[in-house]
Amino acid sequence: MTLTVDQLLASRPFVREVVLKDRDGSVNVRPLPAGEALTFHNALKAAGEDSKALVVLQLVAYLSNADGSALVNAEQAAQLVDVLSQRDIAAILSAGAQVNRIDDKAVEDAAKN
């Protein structure tokens, strides 16, 4: 089926549910639209090797509401880094990277360049 421009522009949210093992519930992660992905990549480069900043950037980019809209801002994501377990943060970042087809090496390389 060939899509029209209107169909391409229509919002079609896709989110993946991630169960948090150390919390009683789950969160959603989302694939980034291309424009946001470019901004995300540039932000990773700007963060350099600041581990907390890299995690915060990924939480902001990946965490979403059920409709695919962003769930948290940078301040909220920084608070999450201070309260969520390492296992739950790793689950979120791993799922976010999977839905965006990004591996750990790509995040490291972006931060170094």
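Since we're looking at a predicted model, the values are computed, not measured. (Residues numbered from 1 in each chain as written. Predicted model: local features only at pLDDT ≥ 70, side-chain atom pairs only at ≥ 80, totals over all residues. Heavy atoms only, no water.)

**Considerations on the environment of Val15**
Consideration 1: By secondary structure assignment, the location of Val15 is in the loop between helix H1 (5–9) and strand S1 (16–20).
Consideration 2: Sequence separation of Val15 and Val27 is 12 residues, and the distance between their C-alpha atoms is 9.5 Å.
Consideration 3: The contact partners of Val15, leaving out residues within four places of it in the chain, are Asn28, Val29, Arg30, Ser64, Asn65, Ala66 and Gly68. (Helix = DSSP H or I, 4+ residues; strand = E, 2+ residues; numbered from the N terminus. Contact = heavy atoms within 4.5 Å.)

**Some thoughts on helix H2 (residues 34–47)**
A turn of α-helix holds 3.6 residues, and therefore any two residues three or four places apart point the same way.
Consideration 1: The terminal C-alpha atoms of H2 lie 20 Å apart, and with 14 residues this matches the ideal 20 Å at 1.5 Å per residue to within 8%.
Consideration 2: For H2, every residue scored as buried is listed here: Phe40, Leu44 and Ala47. When H2 is viewed along its axis, its buried side chains cluster within an angular range of 65° and face the same direction. Turned more than 90 degrees away from the buried face of H2 sit Ala34, Leu38, Thr39 and Ala46, all of them exposed.
Consideration 3: Gly48 sits one or two positions beyond H2 and adopts a positive phi of about 60°. (Expected span 1.5 Å × (residues − 1). Buried < 20%, exposed > 50% of the residue type's maximum accessible area, 1.4 Å probe, protein only. Arc of directions from axis to C-beta.)

**Considerations on the packing of H2 against helix H3 (residues 51–62)**
Helix packing geometry: the angle between the two helix axes and the distance between the axes.
Consideration 1: Contact geometry of H2 with H3 gives a least axis separation of 9 Å together with a crossing angle of 165°. When the axis of H2 is compared with that of H3, the two are roughly antiparallel. Every pair of crossing elements has a handedness; the one defined by H2 and H3 is right-handed. From H2, Phe40, Ala43, Leu44 and Ala47 reach across to H3, where they touch Ala53, Leu54, Leu57, Gln58, Ala61 and Tyr62.
Consideration 2: For the contact of H2 with H3, the class distribution of residues is 9 nonpolar, 1 polar and no charged. (Axes fitted to C-alpha atoms, helices over the stretch in contact; angles between N-to-C directions. Parallel < 35°, antiparallel > 145°, perpendicular 65-115°, else oblique. Left-handed = near helix turned anticlockwise from the far one by under 90°. Nonpolar A, V, L, I, M, F, W, Y, C, P; charged D, E, K, R; others polar.)

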